[in-house]
Amino acid sequence: MGTFYLSTPIYYVNALPHIGHSYTTIVADAIARYRRLSGDKVFFLTGTDEHGQNILQTAEEKGISAQEQADDVVSHYYELWRDLGISHDDFVRTTEPRHHAGVADIVARIDAADDFYVGKHEGWYCPSCETFYTEKELGADKTCPDHGRPTEWKSEENIFFRLSKYQEPLLDWYRSSPGPVQPATRSNEVMRFVESGLRDLSVSRAGLPWGVPFPGHEGQTVYVWLDALTNYLSALGLGGAAGEAGLLEEYWLSGAGPRVHLVGKDILRFHAVYWPAFLLSAGLPLPTTVWAHGWWLRDQRKVSKSVGNIVQLEPLIDRFGSDPVRYFLLRDMVFGQDASFSDEAFVDRFNSDLANDLGNTVSRLVKLSRTAYDGKTPPEACGDNPIKSAAEEAVKGYREAMDGFAFHKALSHLWRLLSEVNQYLVAREPWKSIGAGNTDSSVSRVLWNGLEGVRIVATGLLPVMPQVAQEVLAAVGTTDVPSDLSALEWGRTPLSVPLPESPQLFPRVDKKVFFSTEPDSAAVAKQQKNVGEEEMTDEITIDKFFETQLKVGTVTAAAAIPKAKKLLKIAVDLGEDEDRQLVAGVAEHYDPEDLVGKQIVVVANLKPVKLMGVESRGMMLAGSADGRPILIHPDSAVPPGTPVK
RNA sequence: GGCGGUGUAGCUCAGGUGGUUAGAGCGAGCGGCUCAUAACCGCUAGGUCAGGGGUUCAAGUCCCUUCACCGCCA
């Protein structure tokens, strides 16, 4: 029994969450739930990174403030984490005052160690990625290697951090046992990188209005990583009124319990080099583990916004519930490696593991037991049998795997036990005795053993599928949710208690039907691949297109929105009971009075959003020429509400 | 280019320090059973362990090399 600190990265609010964010957070949640059940006092932290030029720019394009942009995206995270059953203890946002206080505090500590100095930072700068590049990294015509956009020569005074000073201390840390950077192959990469020599790091930007002002340096803003990484401690109260007492002392400064950062492999360097260097300088304890996991791939490519092969989990969550999605992600990825995602792999996993193995085993046991014992669990238990030894072995393997973050292994141990239960039932054939009217103690023991095996599996599933695990437990006669893992011990299925009629926990999915109504996006992408790499992400099916409802509407009113440069509030007659209110970013090019009476084309089924506090329930279509909107009109007047296709 | 990794049955992957007929799950085929969600149980899979060379009594497992893919190199 101890403390356990666990963090996900904080996610950038420039775009909506995708499978990568969900995966990291689900993994963290499973670990957090497992540690809590193991008796640890857990602090599980997630949050959002809300500063930087990109946020500002995205907000500007939408005609909203940076804070509104952040608030909007954060609301999606809140919703998704709720839908996925994430049990975080805190959610930190870098725009919060407590985070600013934390950043100020760590800056003061590093400053006290004399690890900052003012220097000149210059090079070819890409505004999109906010990064300086060296000459040889640039593409043709000095374009950004990432975005292909032109870079500009930029030279500014920045504050530098003496990263080079920490080369040896960092190497000592990596070599300490057990290795703090996991898995081992990542640790090697990081060590080679550090061995090759560390350059000092620019940790401020001049004239960046959206961020934490650099204390003591007018006009400088704390640069992204020093700002963002500090969330791990600002959430515990670093720089706060409570000083170093409370959470910060308990989970971090005392150095007592594990301090684990879960990260994607793309941001490993920041967590395994910069962050520990900052902490060394600040005189604060280092994390005990930085765990870099792999990526979900689709068509052999990383799932990302820029590639356009985003995997959205929401449709699967809507259709199957969050727990099967959690199960799939944890079962199908070898933690640490990459894995490929496909709807078909999900459905296969669902049918074979959840429907056939787990669901069906529950059904058959419950039915047999209810039939033999008048709707109750069996009256007699059994202390020594093949299922008991199989369960003990499974629990041992499960615990070892969970302790080592090997979720796929932990789950396969549980499924091995389910398989033993099924084999056992076939060997004993209790239905024959029951059919013959025999429900003596041997039948009771057989059924009780089966139920007990399933109960143990369900208990082990609590961290992975919290909701489903409880349903399974209830289905096999255990209505009290176990509060700790002692429930993995043999022998707790109660005797002769009412057993509810077996619910269909995981109705089998007919793949033919499923894929005829819901086309496998991986298969679609594959077809498109034949057309050519470049076009792959540009083409959509006609079905996809018709998901967008376009209608012609007549503008009935238009007015400027106070304090908004680009926005107009517009009322449109779409042939509905009342006019639709839209907010459109056309104020710089259209006067409100010119719009009234005009017919426009509107996306009618767009999710409503609030812009500058005004609700917008749709979007009007416009061509975009050099950023200037040109409204689209029908060729001749049509009734309001006329569909466009 | 430098450093590191991967390539094993249709698919996803296991295979410490070299040693009997190379394994698991899924899928497929055949058989059984009928309590159960067309489920469950059993059997079957003839895989040049990417290619080539070498060390050894013996190599998927060590060495060299070729090929393909991937990661890190601010």
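What counts, and at which threshold
Residues numbered from 1 in each chain as written. Chains lettered and ligands numbered in written order. Predicted model: local features only at pLDDT ≥ 70, side-chain atom pairs only at ≥ 80, totals over all residues. Heavy atoms only, no water. Helix = DSSP H or I, 4+ residues; strand = E, 2+ residues; numbered from the N terminus. Buried < 20%, exposed > 50% of the residue type's maximum accessible area, 1.4 Å probe, protein only. Contact = heavy atoms within 4.5 Å. Areas by Shrake-Rupley, 256 points an atom, 1.4 Å probe, with all protein chains shown as cover. Pairing = 2+ DSSP bridges. Axes fitted to C-alpha atoms, helices over the stretch in contact; angles between N-to-C directions. Near = heavy atom within 4 Å. Polar contact = N/O pair within 3.5 Å; in protein donor to acceptor, adjacent residues only side chain to side chain. Nonpolar A, V, L, I, M, F, W, Y, C, P; charged D, E, K, R; others polar. Expected span 1.5 Å × (residues − 1). Arc of directions from axis to C-beta. Core = buried A, V, L, I, M, F, W, Y, C linked by side-chain atoms within 4.5 Å. Phe/Tyr/Trp six-rings, centres within 6.5 Å; stacked < 30°, edge-to-face > 60°. Lys NZ or Arg CZ within 6 Å of the ring centre and 35° of its normal.

(A) Representation of the overall build of chain A in the model. In terms of helices and strands, chain A carries 23 helices and 25 strands. The buried share of chain A, taken over its 645 residues, is 51%. Restricting to contacts in chain A with at least 6 residues of sequence separation, those with at least 24 account for 73%. Only carbon and sulfur atoms are counted for the fraction: they give 50% of the accessible area of chain A, which is about 28700 Å².

(B) Spatial organisation of the sheet that holds strand β1 (residues 3–12). Overall, parallel pairing links the six strands, which are arranged β3-β2-β1-β11-β12-β7 in an open sheet. The sheet is open, and its two edges are formed by β3 (90–93) and β7 (181–182), each paired on a single side. Both β1 and strand β11 (residues 259–264) contribute to a ladder of three bridges, which runs parallel. The partner of leucine 6 across the bridge, within β11, is valine 260. Against the sheet, helix α10 (residues 268–282) engages β7, β11 and β12 (289–293), with an angle of about 140 degrees to β11.

(C) Quick peek at the protein's contact with RNA strand B. Around RNA strand B lies a shell of 30 residues, among which Gly197, Arg199, Arg269, Asn360 and Arg364 are the nearest. Sugar and phosphate atoms represent 63% of those atoms of RNA strand B found within 4 Å of the protein. For RNA strand B, a sugar or linking oxygen lies 2.9 Å from a polar atom in the side chain of arginine 186. Between RNA strand B and phenylalanine 506 there is a distance of 2.9 Å, counted from a base nitrogen to a backbone nitrogen or oxygen. When contributions to the surface near RNA strand B are tallied by element, the ones reaching two or more residues are α6 (184–195), α10, α13 (343–372), α15 (407–428) and α16 (430–435). The element best represented in the surface near RNA strand B is α13, accounting for nine residues. Partitioning the surface near RNA strand B into residue classes produces 10 nonpolar, nine polar and 11 charged.

(D) Quick peek at helix α4 (residues 97–112). In this model α4 runs 23 Å from its N-terminal to its C-terminal C-alpha over 16 residues, within 8% of the 22 Å that 1.5 Å per residue would give. If you check which residues of α4 are buried, you get His99, Gly102, Val103, Ile106, Val107 and Ile110. The arc that holds the buried residues of α4, viewed along the axis, is 135 degrees, so those residues lie on one side. Across α4 from its buried face, at more than 90 degrees, point the exposed residues Pro97 and Ala112.

(E) A look at the nonpolar core. Among the nonpolar cores identified, the biggest contains 108 residues, and Trp296, Leu329, Leu358, Val362, Trp415 and Leu461 are the most heavily contacted of them. For this core, the element with the highest residue contribution is α13, accounting for 11 residues. In terms of nonpolar packing, the next biggest core, distinct from the first, is built from 56 residues, Val107, Phe116, Val212 and Phe270 among them.

(F) Representation of the sheet that holds strand β4 (residues 116–126) in the model. Reading across from one edge, β5-β4-β6-β8 is the order of the four strands in this open sheet, with antiparallel pairing throughout. The sheet is open, and its two borders are formed by β5 (131–133) and β8 (201–202), each paired with just one other strand. Bridge count between β4 and β5: three bridges; the pairing is antiparallel. Looking at the pairing, tryptophan 124 lines up with tyrosine 133 of β5.

(G) View of the packing of aromatic side chains. Summed over all chains, the structure comprises 32 aromatic pairs. Pairing phenylalanine 161 with tyrosine 166 gives two aromatic rings, centres 5.9 Å apart and planes at 0 degrees, and the pair type is stacked. Residue classification places phenylalanine 161 among the buried positions, given a relative accessible area of 0%. Accessibility expressed as a relative area gives 8% for tyrosine 166, which makes it buried. Plain terms: the ring middles of phenylalanine 350 and phenylalanine 506 are 5.9 Å apart, the flat faces sit at 85 degrees to each other, and that makes the pair edge-to-face. Placement of phenylalanine 350 in helix α13 and of phenylalanine 506 in the loop between α18 (466–475) and α19 (511–517) is noted, with a sequence separation of 156 residues between them. Neither phenylalanine 350 nor phenylalanine 506 differs from the other in exposure class; each is buried. Joined through ring pairs, the aromatic side chains of Tyr23, Trp296, Phe320, Phe328, Phe341, Phe346, Phe350, Phe506 and Phe514 make up one cluster. Against the face of phenylalanine 270 rests arginine 269, its NZ or CZ located 5.2 Å from the ring centre. Sitting over the face of the ring of phenylalanine 320, arginine 319 holds its NZ or CZ atom 4.5 Å from the ring centroid.

These figures capture arrangement, not role.
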